[in-house]
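What follows is the residue order along each chain.
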Amino acid sequence: MEDAIVLSYAISGEDFTRAGEASSDVKKKLKQMGVSPEAVRKVAIAMYEGEINMVIHANGGEITVTITPEEICMVLDDVGPGIPDVDLAMQAGYSTAPDEIRSLGFGAGMGLPNMKKYTDSMEIDTRIGEGTKITMVVKI
Amino acid sequence: MTVRDAKNILGARVLAGEDLLDQEVRSACGSDMMSDVLAFSKDHSILLTGLCNPQVIRTAEMLDIVCLIFVRGKKPDDTLLEMARERGLVVLATGHRMFSACGMLYEAGLNGGAV
């Protein structure tokens, strides 16, 4: 695709206070490109939730965002523990996050449901002990 | 309602964004769980919270929240305030507890947005 713009981010799993920096950067760039506020908001929320999840559950990973005139595609790839039961993880309110994460304002069990809610499509490819790859698309 | 109205109703102090108080706000959300805020918050919103960490500022940023109100006398540090200023976010602080602060704003006409 000639018109595609690709942004790549390495997400550190070490520092929770920095989680969200990549999403923040993507949001700024999309705004500068003149993408509609509604699409920017959807991408920002979905990617931020995904980025937080990577830091909490998978010790970081990689995020690649591909922007074309038609859509924004986010691929979140980690080498974390994998999701044993995706249907359960998709239920609003279900969380395996430890208490210390809850005290930081996350782990309400809304991450994956929010990611689905704010995107036009979401695919989860997960393997126990190997990692998880989540692909989300927001149409422009 | 404007941010200034909310500030006056709560008798809140302005910690950042003194020059941005005339913005309109249409709804509010009160929570210490950022994922809930991300699930339910609307445009042109106020976020009331007792949580004091960088993720509060980032959550507000992702949602284009206009004003953050720290309740229960919580004091954000300079790093948080600097992050808020960079993002054009108003930060207020009040000694009122969450329930009271939400009630006062609700009574004055601000709602939580449609379910």
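Before reading further, recall that the structure is shown in the block above.
Below is a short write-up of the structure. Note that the coordinates shown come from a computational prediction; the quantities given were computed from them, not determined experimentally.

## Details of the interface of chain B and chain A
And step 1. Taken together, the contact between chain B and chain A spans 22 residues of the former and 29 residues of the latter.
And step 2. Each partner contributes to the roughly 1900 Å² buried at the junction of chain B and chain A, and carbon and sulfur atoms together form 51% of this total.
And step 3. The interface formed by chain B and chain A includes three salt bridges.
And step 4. The salt bridge involving K31(A) is made with D64(B); its shortest N-O contact spans 4.0 Å.
And step 5. Between the two partners, chain B and chain A, sit 17 residue pairs in polar contact (both at pLDDT 80 or more).
And step 6. Contributions of two or more residues to the side of chain B that touches chain A are made by helix 2 (34–40) and helix 3 (54–62) of chain B.
And step 7. Looking at side-chain class alone, the side of chain B that touches chain A contains nine nonpolar, five polar and eight charged residues.

## Thoughts on the packing of helix 1 (residues 21–33) of chain A against helix 3 of chain B
And step 1. Close contact between helix 1 of chain A and helix 3 of chain B brings their axes to 11 Å; oriented N to C, the two are set at 25 degrees. Our classification of the angle between helix 1 of chain A and helix 3 of chain B gives roughly parallel. Between helix 1 of chain A and helix 3 of chain B lies a crossing whose hand is left-handed. Within the contact between the two elements, helix 1 of chain A uses E21(A), S23(A), S24(A), K27(A) and K28(A) and helix 3 of chain B uses R58(B), E61(B) and M62(B).

## Some remarks on helix 4 (residues 78–86) of chain B
Residues and elements named next belong to chain B.
And step 1. Turning to helix 4, its buried residues number three or more, namely L80, L81, M83 and A84. Looking down the long axis of helix 4, one finds its buried residues gathered within 160 degrees of arc, a one-sided arrangement. Facing away from the buried side of helix 4, by more than 90 degrees, are the exposed residues D78, T79 and E86.
And step 2. As for helix 4, its buried residues are in contact with strand 1 (13–16), helix 3 and strand 5 (90–93).
And step 3. Of the residues that open helix 4, the one with a side-chain oxygen 3.2 Å from the backbone nitrogen of T79 is D77.
And step 4. In the segment just after helix 4, G88 is the residue with positive phi, at about 65 degrees.

## A look at the pairing of strand 2 (residues 60–67) of chain A
All names here are of chain A.
And step 1. As paired elements, strand 1 (residues 5–12) and strand 2 share eight bridges and run antiparallel to each other. Directly across from I11, in strand 2, lies its bridge partner G61.
And step 2. Examined bridge by bridge, strand 2 and strand 3 (residues 71–78) share six bridges and lie antiparallel to one another. Across the sheet, I63 pairs through a bridge with L76, a residue of strand 3.
And step 3. In textbook terms, the turn of a hairpin is the stretch between consecutive antiparallel strands, and for strand 2 and strand 3 this stretch comprises three residues.

Rules of the game
Residues numbered from 1 in each chain as written. Chains lettered and ligands numbered in written order. Predicted model: local features only at pLDDT ≥ 70, side-chain atom pairs only at ≥ 80, totals over all residues. Heavy atoms only, no water. Contact = heavy atoms within 4.5 Å. Buried area = accessible area lost by both parts, 1.4 Å probe. Salt bridge = Lys/Arg side-chain N within 4 Å of Asp/Glu carboxyl O. Polar contact = N/O pair within 3.5 Å; in protein donor to acceptor, adjacent residues only side chain to side chain. Helix = DSSP H or I, 4+ residues; strand = E, 2+ residues; numbered from the N terminus. Nonpolar A, V, L, I, M, F, W, Y, C, P; charged D, E, K, R; others polar. Axes fitted to C-alpha atoms, helices over the stretch in contact; angles between N-to-C directions. Parallel < 35°, antiparallel > 145°, perpendicular 65-115°, else oblique. Left-handed = near helix turned anticlockwise from the far one by under 90°. Buried < 20%, exposed > 50% of the residue type's maximum accessible area, 1.4 Å probe, protein only. Arc of directions from axis to C-beta. Pairing = 2+ DSSP bridges.

Worth remembering: the numbers are spatial, not functional.
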